[in-house]
Amino acid sequence: MIAVVDYNVGNVRSVCNAFRHIGCPVTLSRDMAVLQDAAGLVLPGVAAFGYAVNALGSAADLVKQLALNGKPLLGICVGYQMLFDESFEYGRHEGLGLIAGSVVPIPPEQTVPHMGWNQVHLAEEIDLFAGLGAQKHFYFAHSFYAKVTDAKAKIAYTDYGFSLAAVVQKENIYGVQFHPEKSGKTGLRVLENFAKICEGKNPT
Amino acid sequence: MLTKRIIPCLDVKDNRVVKGVKFLNLRDAGDPVELGARYSDEGADELVFLDITATIRFRKTIVELVEKVAENVFIPFTVGGGIQTVEQMDEILRSGADKVSVNTAAVDNPALLTEAAQRFGSQCVVLAIDARRSKTKPGCWQVCVKAGSEPTDLDVVEWAVKGEKFGAGEILLTSMDADGTKAGYDNELNKAVSDAVNIPVIASGGAGKLEHLYDAIIQGGADAVLMASITHFGNCTIKQMKEYLANRGIAMNL
């Protein structure tokens, strides 16, 4: 069972709908025992960073500890941004600090928000994208992005007038800036791969 | 670089998808849950759902239908029709929509756009404009409300500019003159609005064949094209539209 961390933000229903659609049992919870028992955790997010971190509250330490102990974790959009050290959206806020980096505004020369389908250049070695080919389109909707400084992190980029980190992996910790649950069949495939990773299988 | 978007539209009345001509003579086009699932599966870039029964007042029952449609839709999903308050928007977003579209309520109270943008982010707020060519002022269009039944004194281009200032993140621009005719989009209208605003414009009304989509993007400057008749009644598939546009050099998510 995969647990989607429930912290009362945005549209978590669509993430659950997507996992159910691919036949993967999923539960929406912030209960300590449920999160501990889960095969993997998903940190969704449609909200401002500071609001999301506050709403996550005491669950933050637990999610961080479980991820550090090896449980697969997938952060989506703001959930992805929360994996980093800090964000500067409406003031400075601390993130989970699982991956070194900062979340900063998209440069004002670009249209903000970055909203729509953009092509991600997939790095071969990120198993979350196994079987998807070299580049695929995903649906993005965000105004801030992560500057990744972690030497141990693998990164895949999208081009938005500059190279924007769209995917990050550090061992069992995964993050995607786009919305896999809103990226059609390609996005569902990413979630299937994550489900396989949670079961200890290799996605192909 | 962002792709241009193909957006099928479900006009829903009494829990069925319908489609008319110039907002009249509605005919049945199917079940919203089935059609939504089909378009998501076939590779549409977004889905729009407009409750056209709800023009006067928001209907609670629509929330349940939106929930059911959303269960099988894995692309961005916009819902509109009779939404008047941010509380109703919140309810619609919680039931599975990603964006909400407002029309009449924003004309009555433009501050609604600001309130919605501050609470949900402007990417959630779509300003729908039903435009009709002015009979008295050539080259101008007037804003109509209440599902097109009531003309106002507002000029479409001026209203679009104002809507952006108030917080709309996108404009869904429907030509009432072209709607359902399958004779092509009103690209003078699309161009006038897309030149005047910085937010994306979705061209709507009049799609009948593949080249109409191309014209709306190139001549009309649209960021996305919305259609109903040609997809519901089986003239073209989403795949055909995308391949056609990509072959003519437009960035698409194939």
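Refer to the structure above for everything that follows.
Analysis parameters
- Note that residues are indexed from 1 along each chain, following the sequence as it is written.
- Each chain takes a letter, starting from A, and each ligand takes a number, starting from 1, following the order in which they are written.
- Predicted model: local features are reported for residues with pLDDT of at least 70 only, side-chain atom pairs are reported and counted for 80 or more only, and whole-chain, interface and lining totals are derived from all residues.
- Secondary structure follows DSSP: runs of H or I at least 4 residues long count as helices, runs of E at least 2 residues long count as strands, and numbering of each begins at the N terminus.
- Only the C-alpha atoms count toward the radius of gyration. The rule for a globule is 2.2 Å times the residue count to the power 0.38.
- Residue burial is a threshold on neighbouring C-beta atoms within 10 Å of the residue's own C-beta, all placed from the backbone, with 20 or more meaning buried, 12 or fewer meaning exposed, and counts in between meaning partly exposed.
- Placing C-beta atoms from the backbone, we regard two residues as in contact once those atoms come within 7 Å.
- In short, DSSP must find at least two bridges between two strands for them to pair.
- Here an axis means a line fitted to C-alpha atoms, over the contact stretch when the element is a helix, while the angle between two N-to-C directions is reported on a 0 to 180 degree scale.
- Left-handed describes a crossing in which the near helix is turned anticlockwise from the far one by less than a right angle; the clockwise case is right-handed.
- Take the buried Ala, Val, Leu, Ile, Met, Phe, Trp, Tyr and Cys residues, join any whose C-beta atoms are within 7 Å, and the set you get is a nonpolar core.
- With respect to orientation, any angle under 35 degrees is reported as roughly parallel, any angle over 145 as roughly antiparallel, any angle of 65 to 115 as roughly perpendicular, and every other angle as oblique.
- Ten residues, namely Ala, Val, Leu, Ile, Met, Phe, Trp, Tyr, Cys and Pro, are considered nonpolar, four, namely Asp, Glu, Lys and Arg, are considered charged, and the remaining ones, Gly among them, are considered polar.
- Taking the helix axis as origin, the arc is that swept by the directions to the C-beta atoms.

1. Structural notes on the overall build of chain A
Step number 1: Along the backbone of chain A there are six helices and 13 strands.
Step number 2: In terms of overall size, chain A behaves like a compact globule, its C-alpha atoms giving a radius of gyration of 15 Å where 204 residues would be expected to give roughly 17 Å.
Step number 3: Across its three principal axes, chain A shows a C-alpha extent of roughly 45 × 35 × 30 Å.
Step number 4: Looking at chain A as a whole, 51% of its 204 residues qualify as buried.
Step number 5: Of the contacts made within chain A by residues no fewer than 6 positions apart, 67% connect residues no fewer than 24 positions apart.

2. Details of the sheet that holds strand β3 (residues 40–43) of chain A
All names here are of chain A.
Step number 1: Read from one edge to the other, the open sheet built from nine strands follows the order β2-β1-β3-β4-β13-β12-β11-β8-β9, with strand pairing classed as mixed. Each edge of the open sheet is held by one strand with a lone partner, namely β2 (26–29) and β9 (135–142). Averaged over all adjacent pairs, the angle separating strand axes in this sheet is 25 degrees, with direction ignored.
Step number 2: Pairing of β3 with strand β4 (residues 73–76) involves three bridges; the strand directions are parallel. Looking across to β4, one finds that Leu-41 is bridged to Leu-73.
Step number 3: Across the sheet, helix α1 (residues 12–21) lies against β1 (2–5), β2, β3 and β4, angled at about 160 degrees from β2, the strand it touches most.
Step number 4: In the packing of helix α4 (residues 59–68) onto the sheet, the strands contacted are β1, β3, β4 and β13 (173–176), and the crossing angle to β3 comes to about 135 degrees.

3. Topic: unusual backbone geometry
Step number 1: Residue Pro-113 of chain A is reached from Val-112 of chain A by a cis peptide bond, and omega for that bond is 0 degrees.
Step number 2: Summarising the element assignment, Pro-113 of chain A is placed in the loop between β7 (101–105) and β8 (114–121).
Step number 3: Unusually for a residue other than glycine, Glu-171 of chain A sits at a positive phi of about 50 degrees.
Step number 4: You can see Glu-171 of chain A is positioned in the loop between β12 (163–170) and β13.
Step number 5: Phi at Ala-147 of chain B is positive, roughly 55 degrees, even though this residue is not glycine.
Step number 6: Locating Ala-147 of chain B in the fold gives a position in the loop between β8 (141–145) and β9 (150–155).

4. A closer look at the sheet that holds strand β10 (residues 144–148) of chain A
Residues and elements named next belong to chain A.
Step number 1: Taken together, four strands build an open sheet; the order of strands is β6-β5-β7-β10 and the sheet is mixed. The sheet is open, and its two edges are formed by β6 (93–94) and β10, each paired on a single side.
Step number 2: Bridge count between strand β5 (residues 86–87) and β7: two bridges; the pairing is parallel. Considered in β7, the bridge of Glu-86 is made with Ser-102.

5. Some remarks on the environment of Arg-248 of chain B
Step number 1: Counting through the fold element by element, Arg-248 of chain B comes out in the segment after α10 (238–247).
Step number 2: Here the alpha-carbon distance between Arg-248 of chain B and Ala-44 of chain B, two residues 204 residues apart in the chain, equals 18 Å.

6. Comments concerning the packing of helix α1 (residues 32–42) of chain B against helix α2 (residues 61–70) of chain B
All names here are of chain B.
Step number 1: The N-to-C vectors of α1 and α2 enclose an angle of 35 degrees; their axes lie 8 Å apart at closest approach. Relative to α2, the crossing made by α1 is right-handed. Across from Pro-32, Val-33 and Gly-36 in α1, the residues of α2 making contact are Leu-65, Lys-68 and Val-69.

7. What to know about the nonpolar core
Step number 1: Judged by nonpolar contacts, the single largest core of 150 residues is most densely connected at Val-100, Ile-171 and Val-225 of chain B.
Step number 2: Not counting chain neighbours up to four residues away, the residues in contact with Ile-171 of chain B comprise Leu-127, Ile-129, Ala-160, Gly-163, Val-193, Val-197, Ile-199, Val-201 and Ile-202 of chain B.

8. Section: the packing of helix α3 (residues 86–94) of chain B against helix α5 (residues 111–120) of chain B
Residue and element names in this part refer to chain B.
Step number 1: The interhelical angle for the contact between α3 and α5, taken along N-to-C directions, is 45 degrees, at an axis separation of 10 Å. The orientation of α3 relative to α5 falls into the category oblique. As α3 packs across α5, the resulting crossing turns out to be right-handed. Touching Val-86, Met-89 and Leu-93 of α3 are Glu-115, Ala-116, Arg-119 and Phe-120, all from α5.
Step number 2: Of the residues in the contact of α3 with α5, the class split is five nonpolar, no polar and two charged.

9. Here's the deal with α1 of chain A
Step number 1: For α1 of chain A, a buried count of seven out of 10 residues is recorded, marking the element as mostly surrounded by other parts of the structure.
Step number 2: Taken together, the buried positions of α1 of chain A are Val-12, Arg-13, Ser-14, Val-15, Cys-16, Ala-18 and Phe-19 of chain A.
Step number 3: The elements touched by buried residues of α1 of chain A are β1, β2, β3, β4 and α6 (184–198) of chain A together with α2 of chain B.
Step number 4: Of the residues flanking the end of α1 of chain A, it is Gly-23 of chain A, one or two places downstream, whose phi is positive at about 80 degrees.

10. Details of the interface of chain A and chain B
It is common to report an interface's size as the accessible area lost on association of the parts.
Step number 1: Facing 20 residues of chain A, the contacting portion of chain B comprises 18 residues.
Step number 2: Counting only elements with at least two residues in the side of chain A that touches chain B, the list comes to α1, β8, β9 and α6 of chain A.
Step number 3: For the side of chain A that touches chain B, the element with the most residues is α1 of chain A, which contributes five residues.
Step number 4: Grouping the constituent residues of the side of chain A that touches chain B by class yields seven nonpolar, nine polar and four charged.

11. Structural notes on α1 of chain B
Residue and element names in this part refer to chain B.
Step number 1: Turning to α1, its buried residues number three or more, namely Pro-32, Leu-35, Gly-36, Tyr-39 and Ser-40. All buried residues of α1 project into a common sector of 130 degrees when viewed along the axis, lining one side.
Step number 2: Phi turns positive, to about 100 degrees, at Gly-43, one or two residues after α1.

12. Side note on the pairing of strand β7 (residues 125–133) of chain B
Residues and elements named next belong to chain B.
Step number 1: In terms of burial, β7 is largely enclosed, as eight of its nine residues are buried.
Step number 2: Bridge count between strand β6 (residues 99–102) and β7: three bridges; the pairing is parallel. Bridging across to β7, Val-100 finds its partner in Val-125.
Step number 3: Bridge analysis of β7 against β8 gives four bridges, and the strand direction is antiparallel. Paired with Arg-133 across the two strands is Trp-141, which belongs to β8.

13. Brief notes about the environment of Glu-192 of chain A
Residue and element names in this part refer to chain A.
Step number 1: Structurally, Glu-192 can be placed in helix α6.
Step number 2: Taking the C-beta count within 10 Å as the criterion, Glu-192 has 19 such neighbours and is therefore assigned partly exposed.
Step number 3: Between the C-alpha atom of Glu-192 and that of Asp-37, which follows or precedes it by 155 residues, the distance is 20 Å.

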